[in-house]
Amino acid sequence: MFNKFMQEALNEAEKSLHLSEVPVGAVVVKDGIIIGRGHNLKETSNDGTMHAEIIAIKNACRNLNNWRLSDCDLFVTLEPCPMCAGAIIETRIRRVYIGAENANSGAAGTVYDILGKRSLNSTSDIYFGIMEEECKNLLKNFFEKLR
């Protein structure tokens, strides 16, 4: 089941790739149903907040008509940055499944540990390595083509 949802996040990442965006995708899942989808749109929108996770979270909140996502899980192809980790905490997402670590700005324990910070009003359970090779390869191929 985890691979099914991470594959959907990878499908979202492919949409970013076709727009010449860094290929990151995310889906929010509640009761086995995808209720939010997102892919990076920073370059396309000229908006630095248009990360895959933020878009998927906003979509899920609209679909539920609720800002609380405490019964929801997030599947994302790359470890969230601090901004996205903040959004995950604020919306109370219960679990985050991550494809690849983010060595530059990962906020789920790789560089920062925002998602695991117990002193915040909410924490999420974190799981790394879901379809890790596929997630890493998508990013690797994107950056190799830029060089």
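Residues numbered from 1 in each chain as written. Predicted model: local features only at pLDDT ≥ 70, side-chain atom pairs only at ≥ 80, totals over all residues. Heavy atoms only, no water.

Novice: Report on the UniProt feature "active site" (unreviewed entry) in the protein, specifying residues and quantitative values.
Specialist: UniProt marks E53 with the feature "active site" (unreviewed entry), using the numbering shown here. Relative to the elements of secondary structure, E53 occurs in helix α3 (residues 52–64). A residue is classified by how much of its surface remains accessible, and E53, at 3% relative accessible area, is buried. When residues no more than four places from it in sequence are discounted, the contact partners of E53 are V24, A26, L74, V76, L78, E79, P80, C81 and C84. (UniProt positions renumbered as here; feature names shortened; annotations may be inferred. Helix = DSSP H or I, 4+ residues; strand = E, 2+ residues; numbered from the N terminus. Buried < 20%, exposed > 50% of the residue type's maximum accessible area, 1.4 Å probe, protein only. Contact = heavy atoms within 4.5 Å.)

Novice: Tell me about the UniProt feature "binding site: Zn(2+)" (unreviewed entry) in the protein, residues and numbers included.
Specialist: The UniProt entry lists H51, C81 and C84 under the feature "binding site: Zn(2+)" (unreviewed entry), expressed in the numbering used here. These residues run over 34 residues, yet every pair of their C-alpha atoms falls within 9.2 Å of each other. You can see H51 is positioned in the loop between α2 (42–45) and α3. Overall, the relative accessible area of 15% leaves H51 in the buried class. In this view, H51 contacts N40, K42, C81, M83 and C84; residues no more than four positions away in its chain are not counted. The buried category is assigned to C81, whose relative accessible area is 13%. Other than its neighbours up to four places away in sequence, C81 contacts H51, E53, S105 and A107.

Novice: Describe the side chain of T91, and please don't skip the residues or the numbers.
Specialist: As for its placement among the helices and strands, T91 is situated in helix α4 (residues 82–91). Apart from residues lying up to four places away in sequence, T91 is in contact with I57, C61, W67, R68, L69 and S70.

Novice: Before we move on, could you go through helix α5 (residues 132–146) and cite the residues and values that matter?
Specialist: The end-to-end C-alpha distance of α5, which contains 15 residues, comes to 22 Å, matching closely the 21 Å that a straight helix rising 1.5 Å per residue would cover. Considered for burial, the residues of α5 that qualify are C135, L138, L139 and F142. All buried residues of α5 project into a common sector of 85° when viewed along the axis, lining one side. Where α5 is buried, its residues contact α1 (2–18), β3 (72–78) and β4 (95–100). (Expected span 1.5 Å × (residues − 1). Arc of directions from axis to C-beta.)

Novice: I'd like a rundown of the pairing of β3, residues and numbers included.
Specialist: Looking along a regular strand, one sees the side chains alternate between the two faces of the sheet. With respect to burial, β3 is a largely interior element, 7 of its 7 residues being buried. Of the pairings in the sheet, the one linking β3 to β4 comprises 5 bridges and is parallel in character. Looking across to β4, one finds that L74 is bridged to V96. (Pairing = 2+ DSSP bridges.)

Novice: If you had to explain the pattern of salt bridges to someone new, which residues and values would you point to?
Specialist: Going through the model one piece at a time under the given rule, you end up with 8 salt bridges. Linking E12 and R37 is a salt bridge whose minimum nitrogen-to-oxygen distance equals 3.4 Å. Remark: R37 occurs in strand β2 (residues 33–39) and E12 occurs in helix α1; sequence separation between them is 25 residues. Here E12 falls in the buried class, since its relative accessible area comes to 2%. A residue is classified by how much of its surface remains accessible, and R37, at 33% relative accessible area, is partly exposed. Notably, a salt bridge pairs K30 with D71, separated by 3.6 Å at the nearest N-O pair. With K30 in strand β1 (residues 25–30) and D71 in the loop between α3 and β3, this pair connects stretches of sequence that are 41 residues apart. Taking relative accessible area as the criterion, D71 reaches 42% and is therefore assigned partly exposed. A network of salt bridges, in which partner residues are shared, links E8, E12, K15 and R37. (Salt bridge = Lys/Arg side-chain N within 4 Å of Asp/Glu carboxyl O.)

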